[in-house]
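The chain contents come next:
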Amino acid sequence: MELTIVNQMLLEAVTRLRDERTDRSLYHVLQGKRSATSLQDAHFYELEPVFGMLPFKRETFDRLLTELERQGLIERDTTLRVTEIGKAQVAAPFLIDDLGGELRGFSITLWKRISLLIQTLVCLEQRITFVPIQQDVATKEWVRQQIKHIPNRKQWLEGIHRELRDALRQLSDREATLISYRLSGLKTGLSYPQLQEQLDSDTLSLRLEFIMAWRKCLRHLNETSIILQLGSDIDQSKMTQSAQKTWEMLKRGQTLDEIAHRRRLKKSTMEDHLVEIAMYSDVFPLGQFIGEAEWNEVKQVVNREHTYSLKRIKAELTSEIDYFQIRIALARTRWEET
Amino acid sequence: MEAVLERYFKYDRFRAGQKEIIESVLAGHDTLAMLPTGGGKSICYQLPSYLQPEGLTIILSPLLSLIEDQVMQIKSRGERAVAKLTSFETREEKDDILQHLHRLRYLYLSPEQLAVPFVKQQLRQTTINLFVVDEAHCISQWGHEFRPEYARLGAVRKELGNPPCLALTATATSQVEQDILAGLMLSDPTVIRHSVNRPEIQFIVEQVEPDQKDRALTTWLTKTERPCVIYTTTRSEAERVARMIPNATHYHAGLETEDRQLIQQQFLHDEIECLVCTSAFGMGVNKGNVRTVIHYSMPATIEAYMQEIGRAGRDGKPSTALLLYAAGDQRLQHFLVDKQYAPTLWIDQLFAARAQNEAIDVTEKRLRLDGEDPAYRLLKAQLLDGWSRETIIKWQESRKKIRLRELMQMTNYIESTSCRRGFILNHFDEQRIIQDRCCDNCGNTTTTTHAKLKSGGVLDWERRLEEVFFSSADSV
Ligand SMILES: [Zn+2]
């Protein structure tokens, strides 16, 4: 069975959920919802690469899942699971691992910047009016600031053109086409529906192909290239800002109670922050929250039962370990694997 | 005045009607101006600001897309002192704008925002030079686009200390005109009415069998000039028709933002010849050389039709408005009319919940009502205003009757055997006009013989990349 790229990716994501999460959980991960649960799902179930990278509308998401269900590839009850037929359709390497969600939208932000900057400079140079192809305020503001620092526009454009051309030559024709035909300047980029006819695909899959091609293009650029320099300040941190603040205070030696009091945080919020820190920080004072023996027991249960379901783990444990401790332990197991 | 026009707007002369309106505004009169679509309405309220002492011009506009486009256009001509308050702005952005009103020249608002007490309070503390109501016909219950939020604008203007008002609309029958004057409480107003006639546009209607529409369209495309806009009623129809025509593409509100921008830009730069779209396209798209507007299906009202064909021939050169009609086209319009009003089931359910003292937000969740659905939003507003069940139902019935009457007028236009221009002018209480290149019923229309559709070329990324960056002269 030939699956579209978008369906293939969804199937891969469902496979990683190990029959332990609902369609809602998957939806929120694909949307990139920065809630404790979704961040945890992405981290535990290796869904970081798709985090925020498939931001479908709810109807689209439902339609796609229904399609997979009708093809007998997945089943939807209280949890989402992949069927035996579905399993036969997925094989390493997973496509989703090329999407780059772990960088929190870095490549997309960089694309928005570069594409609007090119369009703006080309049109200013040629004195033609244009409709800005990017509409979000942050990108527009960034471009406005940036053009002030480009003294020689002609030279800059030539440089960017050279960088892109050389990088695209390392890509397949299809990948290079997807990128050059989305750029606007003297000629205007094509919409996905327009490209869809020529590239024989569907618009959702094309968008994902584009992201993969663009990431590949970025990998073929020099560290010192103009394009990569323009993205050097993009925030790639996975931790939410609020958790980052808590982490800063902890590192300065303040106690949990002090922080909770000063920031007026509830206990549950503090716990969410700590789980985030445990997931994303390379160092973490694990011993403060869980004993050596308990930590080993959690690990054993995870390996034996092959699960990240908090409930199932809790049921298997003999010692008194609460859910917060289990979450912290799980967050750190990933660090041991790598 | 001409110097200001040249300096800020880069035009060397005013278009018909503009100067009269601006003079009335500058004299401080309340003004109601009717200018046809494409007549350059926005200059009428943007220009006076440069000739007045410091103060704010606030503009009420019913559609977010319209506001977005206007703000973008003002910024693109280099004016930075403009801002907008709509449901898109965050709390912080709104606060920031309201704290610094004195820095602004123009402020665009949706009527909902003007109803917010804090907004009103801040506006009261600043000098308002002009209170502009765009698409003023929305205030009239007789108009085809009645909006309940517009009904309160007259009272709000009073609260803001009665700043001079400029009400603008493209098309208004005399009934609607009376409603605007009364609703906005204009005192001793100057009424400037410019003819709705667009002499450069010829009118054609073709009646076909339902299964012959595609054929008729393809034939007409070989006889009419491009660029061309084809309006369809639904999104899926736009997609289907676009696939049928070479070098055409579709545009509707279901596209992603980036794709929407790309298509607007392609169309403005003449990179596509045919754009197939729903009524979502056109707001603020300023393209002078559209030669033909085709309606693949009948529009709901004469007013809407005039607005959409108004996108043709803005450069003043000969253009064509073609309407394809098949028996049964009304059915879809009937359905759309019904969908705009809440079904009786909802009304009953909501009143039952009210009787139980259930909070409206709870009811909304329980019944899974979509807060974005205009039909539901309207019902909710009426409910919160204390309307009774009977009043709501009666009101809905009368609204539907108006809509169906308007649809009937559109049908009459299609079936008319006398001059179509005359029919339209008569609809707006204007005198008939006799002219060349008038309409199919007058029998003096012109067609072209050499219209050939270009088809898209082969994809070649390396050449494309060059074409994006460099004009062909200095390409390597
Ligand atoms: Zn005629």
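This write-up is about the structure you can find in this document. Everything numeric here is computed off the predicted structure, so don't read it as measured data.

Moving on: the overall build of chain B. A tally of regular secondary structure across chain B gives 20 helices and 13 strands. The C-alpha atoms of chain B give a radius of gyration of 24 Å, which matches the 23 Å a tight globule of 476 residues would have. Along the first, second and third principal axes, the C-alpha set of chain B runs to 65 × 55 × 55 Å. A buried classification covers 53% of the 476 residues belonging to chain B. Sequence separation of 24 or more characterises 73% of the internal contacts of chain B that already satisfy a separation of 6 or more. On chain B, roughly 21700 Å² of surface is accessible, and the fraction owed to carbon and sulfur atoms is 50%. Taking the average place of the 58 positive charges on the side chains of chain B and the average place of its 64 negative ones, the gap between the two points comes to 2 Å.

So, about the environment of Glu200(B). All names here are of chain B. Positionally, Glu200 belongs in the loop between strand 7 (190-193) and strand 8 (201-208). Taking the C-alpha atoms as reference, Glu200 lies 42 Å from Tyr376; in sequence the two are 176 residues apart. If near-sequence neighbours (up to four positions away) are discounted, Glu200 is found in contact with Gly313, Gly316, Lys317, Pro318, Ser319 and Arg437. In terms of polar contacts, Glu200 uses its side chain to reach the side chain of Arg198, at 2.6 Å.

Turning our attention to the packing of helix 8 (residues 153-168) of chain A against helix 20 (residues 461-469) of chain B. At their nearest, the axes of helix 8 of chain A and helix 20 of chain B sit 11 Å apart, and the two run at 165 degrees to each other. In terms of axis orientation, helix 8 of chain A runs roughly antiparallel to helix 20 of chain B. By crossing handedness, the relation of helix 8 of chain A to helix 20 of chain B is classed as right-handed. Taking contact as the criterion, the partners of Leu157(A), Ile160(A), His161(A), Leu164(A), Arg165(A) and Leu168(A) in helix 8 of chain A are, on helix 20 of chain B, Trp461(B), Glu462(B), Leu465(B), Glu466(B) and Phe469(B). Residue composition of the contact of helix 8 of chain A with helix 20 of chain B, grouped by class: seven nonpolar, one polar and three charged.

We now examine the coordination of the zinc ion. All names here are of chain B. Distances from the zinc ion to its protein donors, Cys419 (SG), Cys438 (SG), Cys439 (SG) and Cys442 (SG), fall within 2.3 to 2.4 Å. Around the zinc ion sit four donor atoms, and with donor-metal-donor angles ranging over 98 to 121 degrees the site reads as tetrahedral. In primary sequence terms, the donor set of the zinc ion follows C-x18-C-C-x2-C.

Bringing empty space enclosed by the protein into the picture now. Picture a little ball the size of a water molecule; that probe, rolled over the atoms, points out where space is still empty. All names here are of chain B. Throughout the structure, instances matching the rule amount to four cavities of 30 Å³ or more. Taken as a whole, the largest cavity encloses approximately 60 Å³ of empty space. What lines the largest cavity is simply Val229, Phe267, Phe281, Val285, Lys287, Val290, Arg311 and Arg314. Along the lines of polarity and charge, the residues of the lining of the largest cavity split into five nonpolar, no polar and three charged.

Looking along a regular strand, one sees side chains alternate from face to face of the sheet. Residue and element names in this part refer to chain B. Where burial is concerned, most of strand 5 (residues 128-133) is hidden: six out of the six residues are buried. Two elements, strand 2 (residues 56-60) and strand 5, share five bridges in a ladder whose sense is parallel. Its bridge partner lying in strand 5, Ile59 is registered against Val132. Across three bridges, strand 5 lies against strand 6 (residues 165-169) in parallel orientation. Residue pairing for strand 6: Val132 is matched across the bridge by Leu166.

Okay, the nonpolar core next. Formed by 110 residues in total, the largest nonpolar core has its most connected members in Leu26(A), Leu99(A), Leu110(A), Ile118(A), Leu164(A) and Trp214(A). For this core, the element with the highest residue contribution is helix 11 (residues 203-219) of chain A, accounting for 10 residues. Apart from the residues lying within four places of it in its own chain, the contact partners of Leu110(A) are Trp214(A), Leu218(A), Ile227(A), Leu228(A), Leu230(A), Gly231(A) and Ile234(A). Counting residues in each nonpolar core, the second largest holds 36 residues, with Ile263(B), Phe267(B), Cys277(B) and Met410(B) among its members.

In this assembly, 35 residues from chain B lie in contact with 45 residues from chain A. Across the interface of chain B and chain A, roughly 3700 Å² is buried in total on both sides, 59% from carbon and sulfur atoms. Linking chain B with chain A are four salt bridges. At the boundary of chain B and chain A, one finds 17 residue pairs in polar contact (both at pLDDT 80 or more). Of all elements in the fold, only strand 10 (248-251), helix 12 (257-268) and helix 20 of chain B reach the threshold of two or more residues within the side of chain B that touches chain A. Sorting elements by how many residues they give to the side of chain B that touches chain A places helix 12 of chain B first, with 10 residues. Taken together, the residues of the side of chain B that touches chain A sort by class into 13 nonpolar, 11 polar and 11 charged.

Residue and element names in this part refer to chain A. For the coordinates displayed, the defined rule picks out 53 salt bridges over all chains. Between Glu84 and Lys87 there is a salt bridge, with the nearest N and O atoms lying 3.3 Å from each other. Of this pair, Glu84 and Lys87 are both found in helix 5 (residues 84-89), three residues apart, which corresponds to roughly one turn of the helix. Taken together, the salt bridges that share partners define one network made up of Asp23, Arg58, Asp62, Glu69 and Arg76.

Residue and element names in this part refer to chain A. Most of helix 3 (residues 36-44) is tucked away: seven of the nine residues are buried. The set of residues buried in helix 3 consists of Ser38, Leu39, Gln40, Asp41, Ala42, His43 and Phe44. Where helix 3 terminates, the next one or two residues include Glu46, which has phi positive at roughly 55 degrees.

Once that is clear, we can look at the sheet that holds strand 3 (residues 82-85) of chain B. Backbone-to-backbone hydrogen bonds pair the strands of a sheet. The strands run either parallel or antiparallel. Residues and elements named next belong to chain B. The strand order across the open sheet built from seven strands is 3-4-2-5-6-1-7, with neighbouring strands paired in parallel fashion. Single-partner strands in this sheet number two, and they are strand 3 and strand 7. Looking at each pair of strands side by side, their axes are set apart by 15 degrees on average, direction ignored. Two elements, strand 2 and strand 4 (residues 106-109), share four bridges in a ladder whose sense is parallel. Within strand 4, the residue paired with Thr57 across the bridge is Tyr106. Its contacts with the sheet place helix 7 (residues 117-124) against strand 2, strand 3, strand 4 and strand 5, and it is angled at close to 160 degrees to strand 4.

What counts and how
- Residues numbered from 1 in each chain as written.
- Chains lettered and ligands numbered in written order.
- Predicted model: local features only at pLDDT ≥ 70, side-chain atom pairs only at ≥ 80, totals over all residues.
- Heavy atoms only, no water.
- Helix = DSSP H or I, 4+ residues; strand = E, 2+ residues; numbered from the N terminus.
- Rg over C-alpha atoms; globule rule 2.2 N^0.38 Å.
- Buried < 20%, exposed > 50% of the residue type's maximum accessible area, 1.4 Å probe, protein only.
- Contact = heavy atoms within 4.5 Å.
- Areas by Shrake-Rupley, 256 points an atom, 1.4 Å probe, with all protein chains shown as cover.
- Lys, Arg positive; Asp, Glu negative; His and termini not counted.
- Charge placed at Lys NZ, Arg CZ, Asp CG, Glu CD.
- Polar contact = N/O pair within 3.5 Å; in protein donor to acceptor, adjacent residues only side chain to side chain.
- Axes fitted to C-alpha atoms, helices over the stretch in contact; angles between N-to-C directions.
- Parallel < 35°, antiparallel > 145°, perpendicular 65-115°, else oblique.
- Left-handed = near helix turned anticlockwise from the far one by under 90°.
- Nonpolar A, V, L, I, M, F, W, Y, C, P; charged D, E, K, R; others polar.
- Donors = N, O, S within 2.8 Å, 3.2 Å for Na, K, Ca; no water.
- Tetrahedral: all angles 85-135°; square planar, octahedral: opposite > 155°, others 65-115°.
- 1 Å grid on protein atoms, 1.4 Å probe; cavity = no way out; pocket = protein on both sides within 12 Å on 5 of 7 lines; lining within 4 Å.
- Points joined across faces, edges and corners; volume = space filled by probe spheres on them.
- Pairing = 2+ DSSP bridges.
- Core = buried A, V, L, I, M, F, W, Y, C linked by side-chain atoms within 4.5 Å.
- Buried area = accessible area lost by both parts, 1.4 Å probe.
- Salt bridge = Lys/Arg side-chain N within 4 Å of Asp/Glu carboxyl O.

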